[in-house]
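Read off the chains here:
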Amino acid sequence: MKDIMMAPFVCDMRNITEIMYRLGWDERNGGNISYLLDENQVGEYLDLSAVIRTIPLGFDATAIIGKIFIVTGTGKYFRNVYADPENNLGIVRIAEDGQTAELLWGYKDGGKFTSEFPAHLMSHMARLSVDLENRVVMHCHPTYTLAMNYVHVLDEKKFTHTLWEMCTECIVVFPDGVGVLPWMLCGTNSIGEATAEKMKEFRLVVWGMHGIYGAGKTMDETFGLIETVEKAAQIYMLTAHLPRINTIRDDQMVELAEFFGVDYRKDFLDM
């Protein structure tokens, strides 16, 4: 077997958690990431028949039996992942009963996956129903996006439209817009179900007064989606109290979207 620490999926998790912590998006044990892995690639690094222990999922994941994920641990700090991945990350496989996860590696100190793993799995299932290449679900607390929640109406059309106005690239990067949920109790199946429903339509979902969920095909794509929203939110927060002299007009957004050939939410524009 190859050294698991050299596995690209472990390296990806170590690097992205370090970056997100340094940006201030994942304070303490805030935030979590799950990454759907290729079974053949995992088999190069682990004995897939060697199950360390099983962990109850707390919901029915029958639709993704056999799928393997690397996921951050509950109560774990992103700042510690890089130095100690085996305690702060775990690789799990959804067991044949659809109700438990088989631990294949990690959580060495006896821990388990993040309490929001069921919400992640629900979002994975929702995204896979519309995009078979979706592999990543990422949750974090970007500072300016969170600040924007307190001063901007939490309406999907209005929230998306404001973000699109902030940077020329926004309608090109997330033409499908941003879903928005009101404040809900985190770590529950209820918020997971609500997020998954939004994920059928959006790759980005704001959790009111909490943070954001992003989904994508790769770590880079998913991080890039959240990064772009955060930059737009930062510009909004720096300018919201000032008189608006210039803006990106709706007809210019249409020109952008059509030039780059993206399928944008026409109903989110006032044309």
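Rules and cut-offs
- Residues numbered from 1 in each chain as written.
- Predicted model: local features only at pLDDT ≥ 70, side-chain atom pairs only at ≥ 80, totals over all residues.
- Heavy atoms only, no water.
- Core = buried A, V, L, I, M, F, W, Y, C linked by side-chain atoms within 4.5 Å.
- Buried < 20%, exposed > 50% of the residue type's maximum accessible area, 1.4 Å probe, protein only.
- Helix = DSSP H or I, 4+ residues; strand = E, 2+ residues; numbered from the N terminus.
- Contact = heavy atoms within 4.5 Å.
- Phe/Tyr/Trp six-rings, centres within 6.5 Å; stacked < 30°, edge-to-face > 60°.
- 1 Å grid on protein atoms, 1.4 Å probe; cavity = no way out; pocket = protein on both sides within 12 Å on 5 of 7 lines; lining within 4 Å.
- Points joined across faces, edges and corners; volume = space filled by probe spheres on them.
- Nonpolar A, V, L, I, M, F, W, Y, C, P; charged D, E, K, R; others polar.
- Axes fitted to C-alpha atoms, helices over the stretch in contact; angles between N-to-C directions.
- Parallel < 35°, antiparallel > 145°, perpendicular 65-115°, else oblique.
- Left-handed = near helix turned anticlockwise from the far one by under 90°.
- Pairing = 2+ DSSP bridges.
- Salt bridge = Lys/Arg side-chain N within 4 Å of Asp/Glu carboxyl O.
- Polar contact = N/O pair within 3.5 Å; in protein donor to acceptor, adjacent residues only side chain to side chain.

Novice: Is there a simple way to explain the nonpolar core in this structure?
Specialist: Buried together is how nonpolar side chains tend to be arranged in soluble globular proteins. Counting 57 residues, the largest nonpolar core has F9 and I91 as the members making the most contacts within it. Ranked by residue count, the leading element in this core is helix 10 (residues 219–239), at 8 residues. The contact partners of F9, leaving out residues within four places of it in the chain, are I4, Y35, L37, Q41, V42, Y45, I70 and I91. Grouped together as the second largest cluster of nonpolar side chains are 29 residues, I55, I64, L128 and V137 included.

Novice: Can you walk me through the packing of aromatic side chains in this structure?
Specialist: Here the distance between the centres and the angle between the planes together describe a pair of aromatic rings. As enumerated under the stated definition, the model contains 8 aromatic pairs in all. Between F9 and Y45, the ring centres sit 5.8 Å apart and the planes meet at 85 degrees, which makes this aromatic pair edge-to-face. Remark: Y45 occurs in the loop between helix 2 (39–43) and strand 2 (53–56) and F9 occurs in helix 1 (residues 8–22); sequence separation between them is 36 residues. In this structure F9 comes out as buried when scored by relative accessible area, which is 1%. Aromatic side chains W164 and F268 sit 6.4 Å apart centroid to centroid with 50 degrees between the ring planes, which places their arrangement in the tilted category. Of the two residues, W164 sits in helix 7 (residues 156–166) while F268 sits in the segment after helix 11 (250–260), which places them 104 residues apart along the sequence. This pair shows no difference in class: W164 is buried, exactly as F268 is.

Novice: How should the layout of surface pockets be read in this particular structure?
Specialist: To find leftover empty space, one rolls a probe the size of a water molecule over the atoms. Taken as a whole, the largest pocket spans an internal volume of roughly 200 Å³. Residue composition of the lining of the largest pocket, grouped by class: 8 nonpolar, 2 polar and 4 charged. Volume-wise, the second largest pocket comes out at about 150 Å³. Taken together, 14 residues line the second largest pocket, and the ones lying closest to its centre are N29, N32, T114, S115 and E116. Of the residues belonging to the lining of the second largest pocket, the class tally is 1 nonpolar, 12 polar and 1 charged.

Novice: Explain the packing of helix 5 (residues 117–128) against helix 9 (residues 189–199) here, please?
Specialist: When two helices pack together, their arrangement is given by the angle between their axes and by how far apart the axes lie. Close contact between helix 5 and helix 9 brings their axes to 8 Å; oriented N to C, the two are set at 20 degrees. As far as their axial angle goes, helix 9 and helix 5 are roughly parallel. Of the two elements, helix 5 crosses helix 9, and the hand of that crossing is right-handed. Contacts between helix 5 and helix 9 pair P118, A119, M122, S123, A126 and R127 from the former with N189, G192, E193, T195, A196 and M199 from the latter.

Novice: Sorry, what's going on with the sheet that holds strand 4 (residues 89–94) here?
Specialist: Two pairing modes exist for strands in a sheet, parallel and antiparallel, and in both the strands are linked by backbone hydrogen bonds. The sheet built from 9 strands is open, its strands ordered 2-5-4-3-1-6-9-8-7 with mixed pairing. The open sheet has two edge strands, strand 2 and strand 7 (179–181), and neither has a second partner. Taken pair by pair, the neighbouring strands of this sheet meet at an average axis angle of 25 degrees, ignoring direction. In terms of strand pairing, strand 7 meets strand 8 (residues 204–207) through 3 bridges, oriented parallel.

Novice: I tried to follow the pairing of strand 6 (residues 136–140) on my own but got confused; where do I start?
Specialist: Walk down a regular strand and you will see the side chains alternate between the two sheet faces. With 5 of its 5 residues buried, strand 6 lies for the most part within the structure. Residues V136, M138 and C140 of strand 6 are buried on one face, and the alternating residues V137 and H139, pointing to the opposite face, are buried as well. Inspection of the sheet shows strand 1 (residues 32–37) paired to strand 6 by 4 bridges, in the antiparallel sense. Bridge pairing in strand 6 links Y35 to V136. Note: strand 6 against strand 9 (residues 211–216), 5 bridges, orientation antiparallel. Within strand 9, the residue paired with H139 across the bridge is Y213.

Novice: What exactly am I supposed to notice about the pattern of salt bridges here?
Specialist: Opposite charge on two side chains allows them to pair when their charged atoms are near. One pass over the full model with this rule turns up 14 salt bridges. For E102, the salt bridge is made with R93, and the minimal N-O distance between the two is 2.7 Å. For E102, a relative accessible area of 18% puts it in the buried group. The closest approach of N and O atoms between E201 and R265, which form a salt bridge, is 2.6 Å. Placement of the pair is E201 in the loop between helix 9 and strand 8 and R265 in the segment after helix 11, with a sequence separation of 64 residues. Taking relative accessible area as the criterion, R265 reaches 17% and is therefore assigned buried.

Novice: Explain the side chain of T17 to me, please; I cannot follow it from the model alone.
Specialist: Position of T17 relative to the elements: it lies in helix 1. In this structure T17 comes out as buried when scored by relative accessible area, which is 0%. A distance of 2.7 Å separates the side chain of T17 from the backbone oxygen of M13, its partner in a polar contact. Residues contacting T17, with those up to four places away along its chain left out, are I33, T72, F78 and V81.

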